[in-house]
Amino acid sequence: MHPPQNQSQDQASNGLQQLEKKMQSIIAPSPLQKIEHPLLDFWQLTLSVKRDDLLHPAISGNKWRKLKYNLLEARRQQVDHIISFGGAYSNHIHALAAAGFYFGFKTTAIIRGESWYANNPTLKQALAWGMELQFVTRQEYKQRAEPAYLQSLQSAYPNAFIVPEGGSNRFALRGVIEALQEIQQQASVTVDHIITATGSGSTLAGLVAGIAQSQRQPKVTGIAVLKNAHYLNQEIALLLQQAKINNKNNWRLQTEFHHGGYAKVPLELNHFCEQFSLQTGIPVEPIYTGKMFYGLFKLIEQGYFNRGEHIVALHTGGLQGLDGLKENRKERTDLT
């Protein structure tokens, strides 16, 4: 016998309120930090960094921003099981496992690759947080966004909430909009430009969506971390269309700073990351944030920004990936 509808609605409302309170108690707004650098002085630019890497030790950066409203929507639907997709070193999977542990959700990850990947630092920690891992072939993984595949997955897990790879959907945009609102509240001077690393495109789309709802209209630039990432322009436009946001021309995707492709770390990029962290005290990794700051500094040298502008760089976290890079380098060294 099912409970009366009003009772069920009250339970959903109470559960949602409790989750929101717990989120607020665990994750507070991240600081906006101004940094100094001779290149900024030369071009008369101000650079602030939105330190979303400091949101939480395990659930940080844009992964938290994109997960937050997915978790709230699942709780609103009274669903306590989250399923998502990722690679063996996925920041999204790592953050989802942690979020499940801290906020009381069962989590399952569909992982591209072999079962022995479970021994790497990312997935080992995910298992420790109680996440279930399902390893699939690369051929099956390619179907992760196809309606028929998702329907079969939903049929196998009728009481689960399915989140796309990277957390990229309309709920993700709401979390990124909050980051923009925090930036505008924290900035002591007008923000003229916002820059972010771009993988799936949802973080950039969220920033554009937030700007469309605000009085101040800074420009947004994404630094694509993937090779041949021009297709992301269409992905971002689609996300904005789904969110019913007018696709204005106040954003741009830069695709020339990928350094050979995703997870490619040439010596030049590695050296830049080390020097940047030493000079600013801000930790970065070369997969996302390192490429973003490298691209930002190159754009400054090219005169991309107007003198006197205030730029805000969104630090999207992802620092857990450094452990995976170290392990890969050690494996290659052991084989030589």
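In this text, all values refer to a predicted model and were calculated from it rather than measured experimentally. (Residues numbered from 1 in each chain as written. Predicted model: local features only at pLDDT ≥ 70, side-chain atom pairs only at ≥ 80, totals over all residues. Heavy atoms only, no water.)

## Focus on the overall build of the chain
Argument step 1. When helices and strands are counted, the chain shows 13 helices and 10 strands.
Argument step 2. Against the globule reference of 20 Å for 336 residues, the chain gives a C-alpha radius of gyration of 20 Å, in line with a compact fold.
Argument step 3. A total of 336 residues make up the chain; the buried ones form 54% of that total.
Argument step 4. A separation of at least 24 residues holds for 78% of the contacts in the chain among residues at least 6 apart in sequence.
Argument step 5. When the accessible surface of the chain is split by element, carbon and sulfur atoms take 49% of a total near 16200 Å². (Helix = DSSP H or I, 4+ residues; strand = E, 2+ residues; numbered from the N terminus. Rg over C-alpha atoms; globule rule 2.2 N^0.38 Å. Buried < 20%, exposed > 50% of the residue type's maximum accessible area, 1.4 Å probe, protein only. Contact = heavy atoms within 4.5 Å. Areas by Shrake-Rupley, 256 points an atom, 1.4 Å probe, with all protein chains shown as cover.)

## Points about the packing of aromatic side chains
Argument step 1. Under the definition given, this model contains 13 aromatic pairs.
Argument step 2. A centroid spacing of 4.4 Å and a plane angle of 70° characterise the contact between Trp116 and Tyr117, whose relative ring orientation is edge-to-face.
Argument step 3. Residue Tyr117 is classed as buried on the basis of its relative accessible area, which comes to 18%.
Argument step 4. Seen in terms of ring centroids, Phe272 and Tyr294 are 5.5 Å apart; in terms of plane orientation they differ by 85°. Their pairing is edge-to-face. Taken together, the residues Phe272 in helix H11 (residues 267-280) and Tyr294 in helix H12 (residues 289-301) connect sequence positions 22 residues apart. Like Phe272, the residue Tyr294 is buried in the burial classification.
Argument step 5. By the ring-pair criterion, three or more aromatic residues cluster together here, those being Phe257, Phe272, Phe276, Phe293, Tyr294 and Phe297.
Argument step 6. Lys63 extends its terminal NZ or CZ atom over the ring of Tyr288, reaching a point 5.8 Å from the ring centre. (Phe/Tyr/Trp six-rings, centres within 6.5 Å; stacked < 30°, edge-to-face > 60°. Lys NZ or Arg CZ within 6 Å of the ring centre and 35° of its normal.)

## Quick look at the sheet that holds strand S3 (residues 81-86)
Argument step 1. Taken together, 4 strands build an open sheet; the order of strands is S5-S4-S3-S6 and the sheet is parallel. Both edges of this open sheet fall to strand S5 (132-136) and strand S6 (161-162), since each of them pairs with a single strand only.
Argument step 2. As defined by bridge partners, S3 adjoins strand S4 (residues 106-112) across 6 bridges and the pair is classed as parallel. The partner of Ile83 across the bridge, within S4, is Thr108. (Pairing = 2+ DSSP bridges.)

## Section: the UniProt feature "active site" (unreviewed entry) in the chain
Argument step 1. The UniProt entry lists Ser90 under the feature "active site" (unreviewed entry), expressed in the numbering used here.
Argument step 2. Within the secondary structure, Ser90 sits in the loop between S3 and helix H4 (91-103).
Argument step 3. Separated by 3.0 Å, the side chain of Ser90 and the backbone nitrogen of Ile93 make a polar contact. (UniProt positions renumbered as here; feature names shortened; annotations may be inferred. Polar contact = N/O pair within 3.5 Å; in protein donor to acceptor, adjacent residues only side chain to side chain.)

## Observations regarding helix H8 (residues 170-186)
Argument step 1. Taking 1.5 Å per residue, 17 residues should reach 24 Å; H8 reaches 25 Å between its end C-alpha atoms and fits that length.
Argument step 2. The element H8 is extensively covered by neighbouring structure, given that 12 of its 17 residues are classed as buried.
Argument step 3. Taken together, the buried positions of H8 are occupied by Phe171, Ala172, Leu173, Gly175, Val176, Ile177, Glu178, Ala179, Leu180, Glu182, Ile183 and Gln184. (Expected span 1.5 Å × (residues − 1).)

## With respect to the pattern of salt bridges
Opposite charge on two side chains lets them pair, provided their charged atoms get close.
Argument step 1. In this structure the tally under the stated criterion is 10 salt bridges.
Argument step 2. For Lys68, the salt bridge identified is with Glu178, shortest N-O distance 2.9 Å. Of the two residues, Lys68 is situated in helix H3 (residues 61-76) and Glu178 in helix H8; the sequence distance between them amounts to 110 residues. Residues Lys68 and Glu178 agree in their burial class; the two are buried.
Argument step 3. Two residues, Arg75 and Asp80, come together in a salt bridge whose shortest N-O distance is 3.3 Å.
Argument step 4. On the basis of relative accessibility, which here comes to 15%, the residue Arg75 falls in the buried class.
Argument step 5. Ionic contacts of the salt-bridge type, sharing partners, join the residues Lys50, Asp52, Arg65 and Glu182 into one network. (Salt bridge = Lys/Arg side-chain N within 4 Å of Asp/Glu carboxyl O.)

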